[in-house]
Each structure stands twice: as C-alpha cells, then as structure tokens.
Amino acid sequence: MKDAVALSRPRLGFLGLGWIGRNRMEALAATGMAEIAGFADLDRDAVELCAAVAAQAERGEGLDDILALRPEGVVIATPSALHSAQTIAALEAGAAVFCQKPLGRDAKETAAAVAAAKRADRLLATDLSYRHTAAVRAIADEIASGSLGEIYAVDLTFHNAYGPDKPWFRDRALSGGGCLIDLGVHLVDLALWLLDWPEVACRAATLKSGGQPLASGGSEVEDLAFATLETGGGVPIRLACSWNLPAGCDAVIRFDIFGTGGGVSLTNVAGSFFDFETWRHDGCATRQLAAPPDDWGGRAAVNWLERLARGQGYDPDCERLIAVAETLDAIYARGTRPAEGR
C-alpha cells in the first residue's frame, strides 16, 4: 500500500440528499475538518435544502457532477441498487467512499465494491452506525473484559412501526430486499462484530410480506423477518426485524447477550429510534452501563472522515462487509419459498 499522506482538509462530494444524506452532510460539516466541494441529487428541493449547509459548494444532479470536482471523498446516500456501481465509479476516480448501507444488494455486489477499494488503495466504509453508539460500545467493553464469561446465546430485535416512506424501498430490484436488508443488516453486523467475526450458518428463517410467506423471484419485499444463525462454536443468534409492525410504540430495539458470567442488554427508551440504555445483569441484579443523551447519528461518518484526513488508504476491515452480505444472502435463501408454477 502507498504511504499515508495527511489531507489538511479533505474536499468532499455528497450524492443523494434525502434525510440521511443531508444529516450526514451536516454532521461532517460541523466538524470543520472538511470542505464541502459539492452535492448532487435529482430532487431540486433537496439540493436547495443543502445549500444552507454549504452555500459555496457546487450543485449538481448526479455522480458525474460530483466526480468532475475531483473530491478526495464521496458520501453516497442513494437508492440501494446504485450503491455498488456508484461506489466503484468513485473509487476508480480516486476518491475514498462513505456509503449508506447496504454496500450492495447481495454479496456479489458488495465484494465488487470492496475489490475496487483494494485496487484503488482508497478508504471505504459504510454507515453501520449502531456500532458507534455509547450503548453498543458498553456491550463491547463488557465482552472484551471477559466478565461475561463464555457467551452462549445472542438475541437481537429491531421492529419499526412505520417503515420507509420512499417507494423504491419496497421494490426488490431497487432495494435488494425489505426489512432484513434495511434493519437486519445492523443486527447481523452487530452480532458478528461483537462476537469477533465467527463463521455462522443460517439454521432457520421466515420472511413474510403482508402476513404471507415471501416468494422468491418476485418484486415484493419482506416486512417481517425472523432468523436463527449458529456459530461454528454452537452459539445461537436469533434475529427479528420488521416494518409496520403494530408494536405499540415507534420502535422496539433490543439486544441481549448471555454468558456464563452474566448478561448484558440494550433497550431503546420509550420506543425511541435514537435513545438507548445498556444494562449489566448478574442473576436477579442489574446495573446501568450506558444511558442517553448520546449524539451518535453521524459518528460513523465522522470516524471515516478522521481516517481520511490522516491519509488512510484501503482498510482491510471493509472486507467484513462481505461476510455480513453473505449472511443476509443465506437468510434470504433459507427464508423464501419458490414462486408458484416453478
């Protein structure tokens, strides 16, 4: 790899200016560590909203407009079907990339983007933001300390009572899937990351759309997913996620990890998408490890920017994204039924 060359203030381009794209632009601009060189979206209203963040930046409609500015980094927040190809194009143009999840609609697309980053020796990261919450970091610290003993069960849940508001999310060709690839990607990533990337197999999976089993090969996507994974060491990992579930609150987000020395749980506070608590359990006793407030939304993006500013090139850790995608592929393969007539 090339020697790192620190960039005093990297020039960034932003592609896709919906709520997430705009939020990440605001978070990165607030650091003062980068120059916003330009931003692009086909939605003129979205472009105008971002003008308040970086009034002097160039404005455009697509990736070509951004790459013409020759930025050191590109932040991508477009529909999922575009992620891999746009990431590859930006990397091949010499830019580092921070992409919304998923990096690809399947493991093949994900691996192609990772390979492009390696060829170009450019930094690649995705917005797996829950790793960066104080609540998840508290879980990671407990595991690292060894105080949980041998972990023997993991249970992760993310139910969203609303679901996405853009039609492309519910078209399999554009999104790659439904709630599993949207929310379950976080659960799979956290399970593998917290357990230090074990080999896993999918032992059972159920995917439903509108209460009916999800058929393979169609355009519909799942709005409910349950799956059981198992590590090579025999640890079961149960995952559950959904859109538009009548959960009695905005969201149900809960992570439980049990070991021979104790347990640890993360829960969202009063149905919040943003506020989390972490608790340590010893028998019937419990104590709090983390609590709000915690302004974590842009933390993954800022971490990428900090590394880019130090001149970091290709990071082999992005290859872990392939393992996450392969696990999602395995759940889809196990959880969908053949379409009628096939």
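Heads up: these notes are all about the structure in this document. (Residues numbered from 1 in each chain as written. Predicted model: local features only at pLDDT ≥ 70, side-chain atom pairs only at ≥ 80, totals over all residues. Heavy atoms only, no water.)

What follows covers the overall build of the protein. Along its length, the protein carries 10 helices and 15 strands. Over its C-alpha atoms the protein spans a radius of gyration of 20 Å, differing by no more than 12% from the 20 Å that the globule rule assigns to 342 residues. Principal axes of the C-alpha set define a box for the protein whose edges measure 55 × 55 × 40 Å. Counting all 342 residues of the protein, 53% fall into the buried class. Summarising the internal contacts of the protein: among those between residues at least 6 apart in sequence, 67% fall at separations of at least 24. Accessible area for the protein stands at about 15,200 Å²; split by element, carbon and sulfur atoms hold 51% of it. (Helix = DSSP H or I, 4+ residues; strand = E, 2+ residues; numbered from the N terminus. Rg over C-alpha atoms; globule rule 2.2 N^0.38 Å. Buried < 20%, exposed > 50% of the residue type's maximum accessible area, 1.4 Å probe, protein only. Contact = heavy atoms within 4.5 Å. Areas by Shrake-Rupley, 256 points an atom, 1.4 Å probe, with all protein chains shown as cover.)

Sheet topology note: the strand E13 (residues 262-268)/strand E14 (residues 276-282) ladder contains 6 bridges and is antiparallel. Counted as the bridge partner of Ser265 is Trp279 from E14. As paired elements, E14 and strand E15 (residues 285-290) share 5 bridges and run antiparallel to each other. Bridging across to E15, His281 finds its partner in Thr286. Connecting E14 to the antiparallel partner E15 that follows it, the hairpin turn spans 2 residues, and Gly283 within it adopts a positive phi of roughly 60°. (Pairing = 2+ DSSP bridges.)

So, on to empty space enclosed by the protein. Summed over all chains, the structure comprises 3 cavities of 30 Å³ or more. Approximately 130 Å³ is the volume found for the largest cavity. Forming the boundary of the largest cavity are 17 residues, of which Pro102, Leu103, Thr110, Val185 and Ala325 lie nearest the centre. Elements with a contribution of two residues or more to the lining of the largest cavity: helix H8 (179-194) and helix H10 (320-335). The space that makes up the second largest cavity amounts to roughly 40 Å³. Of the residues assigned to the lining of the second largest cavity, the class counts are 7 nonpolar, 1 polar and 1 charged. (1 Å grid on protein atoms, 1.4 Å probe; cavity = no way out; pocket = protein on both sides within 12 Å on 5 of 7 lines; lining within 4 Å. Points joined across faces, edges and corners; volume = space filled by probe spheres on them. Nonpolar A, V, L, I, M, F, W, Y, C, P; charged D, E, K, R; others polar.)

This part is about the pairing of strand E4 (residues 73-76). Neither face of E4 is left uncovered, since the one carrying Gly73 and Val75 and the one carrying Val74 and Ile76 both have all their residues buried. In the sheet, strand E1 (residues 11-15) pairs with E4 via 4 bridges, with the strands oriented parallel. Note on E4: the bridge partner recorded for Phe14 is Val75. With 4 bridges joining them, E4 and strand E5 (residues 96-99) adopt parallel strand pairing. Across the sheet, residue Val75 finds its bridge partner in E5, namely Phe98. For the crossover from E4 across helix H4 (residues 80-92) to E5, the handedness is right-handed. (Right-handed = clockwise from strand over helix to strand, strands pointing away.)

Moving on, we get to the packing of aromatic side chains. As enumerated under the stated definition, the model contains 8 aromatic pairs in all. The interplanar angle of 40° and the centroid separation of 5.7 Å between the aromatic rings of Phe98 and Trp304 together place this pair among those described as tilted. Of this pair, Phe98 sits in strand E5 while Trp304 is found in helix H9 (residues 299-309), placing the two residues 206 residues apart along the sequence. Across the pair, exposure class does not vary: Phe98 and Trp304 are buried alike. Look at Tyr130 and Phe276: their rings are 6.0 Å apart centre to centre, the planes differ by 70°, and that puts the pair in the edge-to-face class. (Phe/Tyr/Trp six-rings, centres within 6.5 Å; stacked < 30°, edge-to-face > 60°.)

Attention now goes to the sheet that holds strand E9 (residues 212-213). Reading across the sheet, the 9 strands line up as E9-E8-E10-E11-E7-E12-E13-E14-E15 and stay open at both edges, with mixed pairing between neighbours. Strands with a single pairing partner mark the edges of an open sheet, and in this sheet they are E9 and E15. Lying on the sheet, H8 is in contact with strand E7 (151-160), strand E8 (200-209), strand E10 (224-231), strand E11 (236-243) and strand E12 (251-259); it crosses E11 at an angle near 155°. (Axes fitted to C-alpha atoms, helices over the stretch in contact; angles between N-to-C directions.)

For H8, built from 16 residues, the straight-helix expectation of 22 Å at 1.5 Å per residue is met to within 8% by its first-to-last C-alpha distance of 22 Å. Its axis deflected by about 40° at Val185, H8 carries its strongest bend there. Of all 16 residues making up H8, 15 are buried, and the element is well covered by its neighbours. Two residues or fewer after H8 comes Asp196, characterised by a positive phi angle close to 65°. (Expected span 1.5 Å × (residues − 1). Bend = angle between axes of the 7 residues up to and from the residue.)

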